[in-house]
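# Coordinate analysis (summary)
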Amino acid sequence: MNYEINQLVQYAINEGLLDIDDAEYAVNQIIHLLNIETFQKESINEDFDFFDVLSKILEYAYENQLIPSRRISDFDNFEAKLMDAFLPRPADLNRHFKQLYKDAPIYATNYFYHLSQKSNYIKTKRMEKNIHFQYEGQYAPLDISINLSKPEKDPLQIAMKHQSDEFDYPKCPLCMENVGFYGNDDHASRSNHRVVSITINHEKDAWGFQYSPYSYFNEHAIILKKEHIPMQVNSTTFDELIDFINRFPHYFIGSNAGLPIVGGSILNHYHFQGGRASFPIEKARVLSHYKKAKVEIEILDWPLSVIRVVGNNEYKVLDMVNQITNYWKDYTNPDLSIYAYTEVPHNTVTPIVKLHESKYHFYIVLRNNLTTKDRPYGLFHPRESYFHIKKENIGLIEVMGLAILPGRLESELDEIKNILLNNENLENYPHLNYHRDWILSMQRMEFDKDSIDEFLHEQVGSIFEKVLEDCGVFKKSDRKAFIQFVEKAIL
Ligand SMILES: [Zn+2]
């Protein structure tokens, strides 16, 4: 192992994770973890692959009973602890981030993102296996991804978790107390996890800035309130989003709605998601366009009901966003089954902000979480017949046209491909039962056997588009009502 440890140290120095003055200290952490008594500095051949070295070391740890089982989570916990030896302590990282930020915000985020990747906190190698393709669609080319690293969540479980808020440590996956946490059956490995303190909306260092370990898009960041308080979307949220954009103008930011069904997967901890990426929604056509109170208001041609407020004065933009959102919160239209309240409020929004040519582009996505007897999962939620592709809540990432589909689809699509190509009997695939109607309908369609992958991707993409349409409160056939809504809202 001596040689591999030398390689690992060299890697950490080369990637700027480890200051050379910390090298001996780090080595001693590592050999203790590996239950090795001595260490010798060796000259090494620089031409090596970090992941090969890492897997050799982990294999050694497993063989010597330092990793209790072959489970991925046990390997991940040990690996994160190993890599932590090379990382700065949270306070040192904070100081360095702030120092770089003074020169330019982009220097600070570049440094932190690089560190999060190279420490393998963001599992870049695992993510390479994710599947990506585009679906042309009616609105704009949608980005579809099948994510192999993220577990699929059930919306009902999320709603239950929202109510229970059990006694747990760390309290939730977003709490600050995850920083440096070793990991167990309920909580992921966070030894190599770091969160930077940032100030938003005059609350000094009250917010944490971290990267997502799943990284759905470039520099996928999570901006969280340090205090464990539930999600909310109100005028303060909008101020906070805009203020973040002022501080990190090279990022977009958005918030999931604060209500179950139409929100994201973590409702009990107030947080936003951001990053340095572009999304299909930015290419949406403009259906109607208004100018009012020094801002532009656009209705977008999108499967969900989206209004974009554009302007270069943040206060004017915020005024209009608040005006539209407040009008929406009380909006009821029985003809379209939109009810603002039953016993509880149902109308909310998914807000997203990005700077474009030094103008704020503030997207307001109208959401409603009413459930009915026929649609117990939500009237404006993917219908159950699409759950075989996507049953999770449609949060801000998907709203923008990027599908994050469950990893199980990778092997399922391979099997479905065989069924279609060889006209196999579905009875032999009982585990694919929830795809049954879909497979039968595809068997009746004409497709070119040589481009079966493209055909299947297109079918998946078209379901994702319909999933998004299900979440739209004003359907395509209700455009008139949508336009009337906006015209009244901006009066
Ligand atoms: Zn929390």
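Residues numbered from 1 in each chain as written. Predicted model: local features only at pLDDT ≥ 70, side-chain atom pairs only at ≥ 80, totals over all residues.

## Some points on the overall build of the chain
- From N to C terminus, the chain includes 15 helices and 13 strands.
- Whereas a compact globule of 491 residues would reach a radius of gyration of roughly 23 Å, the chain reaches 24 Å, a difference of no more than 12%.
- For the chain, the spread of C-alpha atoms along the principal axes amounts to about 75 × 65 × 45 Å.
- The buried share of the chain, taken over its 491 residues, is 38%.
- Once local pairs closer than 6 in sequence are excluded, the contacts in the chain between residues at least 24 apart make up 65%. (Helix = DSSP H or I, 4+ residues; strand = E, 2+ residues; numbered from the N terminus. Rg over C-alpha atoms; globule rule 2.2 N^0.38 Å. Buried ≥ 20, exposed ≤ 12 C-beta atoms within 10 Å, placed from the backbone. Contact = placed C-beta atoms within 7 Å.)

## Notes on the environment of L370
- Note on placement: L370 falls in the loop between β12 (359-368) and α11 (396-399).
- Separated by 308 residues in the primary sequence, L370 and Y62 place their C-alpha atoms 50 Å from one another.
- Aside from chain neighbours lying at most four places away, what touches L370 is Y339, H346 and L379.

## Description of the domain arrangement of the chain
- Per the domain assignment, the segments of the chain are domain 1 (2-86) and domain 2 (90-119 + 155-213 + 216-277).
- Using C-alpha coordinates to define each centre, domain 1 is positioned 28 Å away from domain 2.
- Residues that form the side of domain 1 that touches domain 2 fall into these classes: four nonpolar, two polar and four charged. (Domains from an automatic or database assignment. Nonpolar A, V, L, I, M, F, W, Y, C, P; charged D, E, K, R; others polar.)

## With respect to the sheet that holds strand β11 (residues 347-356)
- Taken in spatial order, the 10 strands make up an open sheet running β3-β4-β5-β7-β6-β11-β12-β10-β9-β8, and their pairing is antiparallel. The outermost strands of the open sheet, each flanked by one partner alone, are β3 (196-200) and β8 (286-292). When strand polarity is set aside, the average angle formed by the axes of neighbouring strands in this sheet is 25 degrees.
- In this sheet, strand β9 (residues 295-300) lies alongside β8 in antiparallel orientation, the contact comprising six bridges. Bridging across to β9, S288 finds its partner in I299.
- In the packing of helix α9 (residues 235-247) onto the sheet, the strands contacted are β3, β5 (221-225), β6 (252-254), β7 (271-275), β11 and β12, and the crossing angle to β11 comes to about 15 degrees. (Pairing = 2+ DSSP bridges. Axes fitted to C-alpha atoms, helices over the stretch in contact; angles between N-to-C directions.)

## Examining helix α15 (residues 479-489)
- Within α15 the residues assigned to the buried category are F482, F485 and V486. Taken end-on, α15 shows its buried residues confined to a sector of 95 degrees, consistent with a single buried face. Across α15 from its buried face, at more than 90 degrees, point the exposed residues K480 and K488.
- On its buried face, α15 sits against β9 and β10 (306-311). (Arc of directions from axis to C-beta.)

## Observations regarding the pairing of β12
- Of all the 10 residues making up β12, nine are buried; the element is thus mostly covered by neighbouring parts of the structure.
- Note: β10 against β12, six bridges, orientation antiparallel. Considered in β12, the bridge of I307 is made with I364.
- With 10 bridges connecting them, β11 and β12 associate as antiparallel partners. Paired with V349 across the two strands is L366, which belongs to β12.
- The hairpin turn running from β11 into β12, its antiparallel successor, is two residues long, and E357 in that turn takes a positive phi close to 50 degrees.

## Here's the deal with the packing of helix α5 (residues 90-103) against helix α6 (residues 105-118)
- Two numbers describe how α5 lies on α6: the axes approach to 5 Å, and their chain directions differ by 145 degrees. The residues of α6 that touch α5, namely those facing H96, F97, L100, Y101 and D103, are P105, Y107, A108, Y111 and F112.
- Split by residue class, the contact of α5 with α6 holds eight nonpolar, one polar and one charged.

## Looking at the environment of L34
- Structurally, L34 can be placed in the loop between α2 (23-33) and α3 (50-63).
- Note on L34: 18 C-beta atoms within 10 Å, which makes it partly exposed.
- Remark: the alpha-carbon pair of L34 and N64, spanning 30 residues in sequence, is separated by 8.5 Å.
- Residues in contact with L34, not counting those within four places in the same chain, are M1, Y60, A61 and L66.

## Details of the environment of I389
- Mapped onto the secondary structure, I389 falls in the loop between β12 and α11.
- Given 24 C-beta atoms within a 10 Å radius, I389 is considered buried.
- If we ignore the near neighbours within four places in the chain, the residues touching I389 are L405, V460, I463 and F464.

## Observations concerning the pairing of β11
- Among the 10 residues of β11, eight are classified as buried, and the element is accordingly described as predominantly covered.
- Pairing between β6 and β11: two bridges, direction antiparallel. Bridged to I253 within β11 is V353.

## Here we look at the nonpolar core
- If you look at the biggest cluster of nonpolar residues, it comprises 116 residues, and the most contacted ones within it are I223, I253, V309, V321, V353, I364 and F464.
- Counting contributing residues per domain, this core is built from domain 1 (2-86) and domain 2 (90-119 + 155-213 + 216-277), each supplying no fewer than three.
- Apart from residues no more than four positions distant in its own chain, I364 is found in contact with I307, V309, V321, I324, T325, V349 and P351. (Core = buried A, V, L, I, M, F, W, Y, C linked by C-beta atoms within 7 Å.)

## A closer look at the sheet that holds strand β2 (residues 142-147)
- Taken together, the three strands give an open sheet; going across it, the order is β1-β2-β13, and neighbouring strands pair in mixed fashion. In the strand order of this sheet, the two ends are held by β1 (131-135) and β13 (402-406), each with one partner. Averaged over all adjacent pairs, the angle separating strand axes in this sheet is 25 degrees, with direction ignored.
- As paired elements, β2 and β13 share five bridges and run parallel to each other. Across the sheet, residue I146 finds its bridge partner in β13, namely L405.

## Some words on unusual backbone geometry
- Residue P170 is bonded to the preceding Y169 through a cis peptide linkage, with omega at -15 degrees.
- Along the polypeptide, P170 turns up in the loop between α8 (155-164) and β3.
- One non-glycine residue, N120, adopts positive backbone phi at about 60 degrees.
- Its location among the elements puts N120 in the loop between α6 and α7 (124-127).

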